[in-house]
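Close look at the chain arrangement
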Amino acid sequence: MLKHDWMIDEVCRIYEQPFLDLVFQAQQVHRAFFPPNKLQRSTLLSAKTGGCSENCGYCSQSAHHHTGIEDEPLLSLAAVRNKARQAKQSGSSRLCMGAAWREVKTDADFARILEMIREVSSLGLEVCCTLGMLSANQAKQLKEAGCTYYNHNLDTSREYYPQVVTTHSYEDRLATIANVRCAGLRLCCGGIIGMGESRRDRISLLTELACQKPHPDSVPVNMLVPVEGTPFADKVKLDSIEFVRTIAAARIIMPRSFVRLSAGRLEMSDEMQALCFLAGANSIFAGETLLTAPNPAAEKDEQMVKRLGISFFSEAEILELCKAGGS
Ligand code: SAM
Ligand code: DTB
Ligand code: SF4
């Protein structure tokens, strides 16, 4: 029933339908695979901030740009424990720990990460990490420590990728994704929209994601957050309708994946977010800060959800959905 051999022209035909047909189709697919009025929530924690060797053009944490973000070494176990408790209390089902690394270089750092994973999973939260490139052996160890998900985005099309970063390649990203999958970790993989890429690039990214077998378990769709001091600070803001098209096409071609309305929500009205949910997004990042950028406060999201008459998945519902079948 799920398709993994998408051709770019097929995805293009879906993406370029009249907008109302597109959103209608996405909503139909969404209802066939998910409860229609429920959202999943993940909380982010920047476990190691700034000073990254990579030159990703959008990123506040790259050592190549001067963004005013203060570098912070790897957090202590106690700090991670506190954040995990707070996340659980405020209703998140998952804590995603991010580190501004090309890859985890030292055994000592890796051992500390494993310890953090054990701690967070012992509190009854799903654990996700995003630590940069990962070897097959590292992926296996994360899985054994209790990590459930690994986030590693393709970010854009293969063709546009060299305009975004030159210190690593698309092939490097795909190799890490393969290692993640081999270790039996669930994959969270998506991209950023609004970096000056063409519509063809957005369609090409979606095709790349939907040709993964299985599809990524979650697909974060980030709207570029322009950061002062990065090469992408002055990118022209992408048309909102075009962003919704990307969400809708992702929902249609990856029906069983959670599609996460990720970075950029602070700049979106409730109406825009509602349109994204109608187009099949069913997950968000909760909490005032993403990794370094601001995000709507919990109360604001509660208000929005109330306004829309929808609700958040319970932990048990998420587990049930994940058991129900692969993507
Ligand atoms: N260093 C790791 C890596 O690159 O995979 C993990 C952290 S990195 C910050 C995680 C993801 O956050 C990126 O792949 C990108 O999709 C997203 N991201 C980072 N900065 C962003 C920005 N300014 N706007 C939108 N998304 C952003
Ligand atoms: C993802 O796709 N988005 C999250 C998560 N994966 C790690 C990160 C968004 C970061 C936004 C910019 C910032 O906070 O610096
Ligand atoms: Fe480093 Fe990740 Fe930021 Fe790229 S996106 S500069 S790899 S932290």
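Above this note sits the structure.
Residues numbered from 1 in each chain as written. Chains lettered and ligands numbered in written order. Predicted model: local features only at pLDDT ≥ 70, side-chain atom pairs only at ≥ 80, totals over all residues. Heavy atoms only, no water.

What follows covers the overall build of the protein chain. When you go through the protein chain residue by residue, the secondary structure sums to 12 helices and 10 strands. On C-alpha atoms alone, the protein chain measures out to a radius of gyration of 18 Å, which is about the 20 Å that the 2.2 N^0.38 rule sets for 327 residues. Considering only C-alpha atoms, the protein chain reaches an extent of 55 × 40 × 35 Å along its principal axes. Of all 327 residues assigned to the protein chain, the portion counted as buried reaches 57%. Across the protein chain, the fraction of contacts at a sequence separation of at least 24, relative to all contacts at a separation of at least 6, is 76%. The distance from the centre of the 36 positive side-chain charges to the centre of the 38 negative ones in the protein chain is 5 Å. (Helix = DSSP H or I, 4+ residues; strand = E, 2+ residues; numbered from the N terminus. Rg over C-alpha atoms; globule rule 2.2 N^0.38 Å. Buried < 20%, exposed > 50% of the residue type's maximum accessible area, 1.4 Å probe, protein only. Contact = heavy atoms within 4.5 Å. Lys, Arg positive; Asp, Glu negative; His and termini not counted. Charge placed at Lys NZ, Arg CZ, Asp CG, Glu CD.)

Here helix H4 (residues 107-122) contains 16 residues, and its C-alpha end-to-end distance of 23 Å stays within 8% of the 22 Å for a straight helix at 1.5 Å per residue. Residues Phe110, Ile113, Leu114, Met116, Ile117, Glu119 and Val120 constitute the buried set of H4. Where H4 is buried, its residues meet helix H3 (77-89), strand E2 (94-99), strand E3 (126-130) and helix H5 (136-145). Positioned one or two residues after H4, Gly124 has a phi angle of 85°, which is positive. (Expected span 1.5 Å × (residues − 1).)

Here the focus is the site of ligand 2. Around ligand 2 lies a shell of 13 residues, among which Asn153, Asn222, Leu291, Thr292 and Ala293 are the nearest. Within the backbone of Leu291, a nitrogen or oxygen atom sits 2.8 Å from an oxygen atom of ligand 2. Between ligand 2 and the protein, one listed contact pairs an oxygen atom with a backbone N or O atom of Ala293 at 2.8 Å. Summarising the interface, the protein chains cover 87% of the accessible area of ligand 2, which totals 400 Å² for the free molecule. (Near = heavy atom within 4 Å. Polar contact = N/O pair within 3.5 Å; in protein donor to acceptor, adjacent residues only side chain to side chain. Areas by Shrake-Rupley, 256 points an atom, 1.4 Å probe, with all protein chains shown as cover.)

Membership of the largest hydrophobic core comes to 91 residues, with the highest contact counts inside it found for Met97, Leu142 and Phe243. Ranked by the residues each element gives to this core, the list is headed by helix H9 (residues 240-253), at eight residues. Setting aside its immediate chain neighbours within four residues, Leu142 contacts Phe110, Ile113, Leu114, Ile117, Leu131, Leu134, Cys147, Tyr150 and Leu185. With eight residues, the next largest nonpolar core counts Tyr149, Ala263, Phe285 and Leu290 among its residues. (Core = buried A, V, L, I, M, F, W, Y, C linked by side-chain atoms within 4.5 Å.)

So, on to the site of ligand 3. Around ligand 3 lies a shell formed by Cys52, Glu54, Cys56, Tyr58, Cys59, Ser62 and Ala100. If you map ligand 3 onto the pockets, it falls in the largest cavity. Residues that form the shell around ligand 3 fall into these classes: five nonpolar, one polar and one charged. (1 Å grid on protein atoms, 1.4 Å probe; cavity = no way out; pocket = protein on both sides within 12 Å on 5 of 7 lines; lining within 4 Å. Sits in = over half its atoms within 2 Å of the grid points. Nonpolar A, V, L, I, M, F, W, Y, C, P; charged D, E, K, R; others polar.)

Counting buried residues in E3 gives five out of five residues, a clear majority hidden from the surface. On E3, burial covers both faces: Glu126, Cys128 and Thr130 on one face and Val127 and Cys129 on the other are all buried. Relative to E3, E2 runs parallel, the two being bridged by five bridges. Across the sheet, the residue bridging to Leu95 is Val127, located in E3. As a crossover connection, the stretch from E2 through H4 into E3 is right-handed. Each parallel crossover has a hand, and the one from E3 via H5 to strand E4 (residues 149-151) is right-handed. (Pairing = 2+ DSSP bridges. Right-handed = clockwise from strand over helix to strand, strands pointing away.)

Another aspect to go through is the state of the cysteines. Counted by the stated rule, this structure contains zero disulfides. Not engaged in a disulfide, the cysteine Cys147 finds its nearest cysteine sulfur in Cys129; these two sulfurs lie 4.1 Å apart. Residue class for Cys147 comes out buried when judged on its relative accessible area of 3%. (Disulfide = S-S within 2.5 Å.)

Tracing the chain through its elements places Thr49 in the loop between strand E1 (38-48) and H3. Side-chain polar atoms of Thr49 contact the side chain of Ser46, separated by 2.8 Å.

Let's shift gears to the packing of helix H8 (residues 199-210) against H9. In contact at an axis separation of 10 Å, H8 and H9 are set at 20° when each is read in the N-to-C sense. In terms of their interaxial angle, H8 and H9 are classed as roughly parallel. The interaxial crossing formed by H8 with H9 has right-handed handedness. Note on element contacts: H9 touches H8 through Glu242, Arg245, Thr246, Ala249, Ala250 and Ile253, opposite Arg199, Arg202, Leu206 and Ala210. Looking at the contact of H8 with H9 residue by residue, the classes come out as five nonpolar, one polar and four charged. (Axes fitted to C-alpha atoms, helices over the stretch in contact; angles between N-to-C directions. Parallel < 35°, antiparallel > 145°, perpendicular 65-115°, else oblique. Left-handed = near helix turned anticlockwise from the far one by under 90°.)

A few words now on the pattern of salt bridges. Within the structure shown, the criterion is met by 23 salt bridges. Between Arg200 and Asp9 there is a salt bridge, with its nearest N and O atoms 3.5 Å apart. One end of the pair, Arg200, is in helix H8; the other, Asp9, is in helix H1 (residues 8-15), with 191 residues separating them in the sequence. A residue is classified by how much of its surface remains accessible, and Asp9, at 44% relative accessible area, is partly exposed. Residues participating in the shared-partner salt-bridge network are Glu16, Glu197, Arg199, Arg202 and Glu242. (Salt bridge = Lys/Arg side-chain N within 4 Å of Asp/Glu carboxyl O.)

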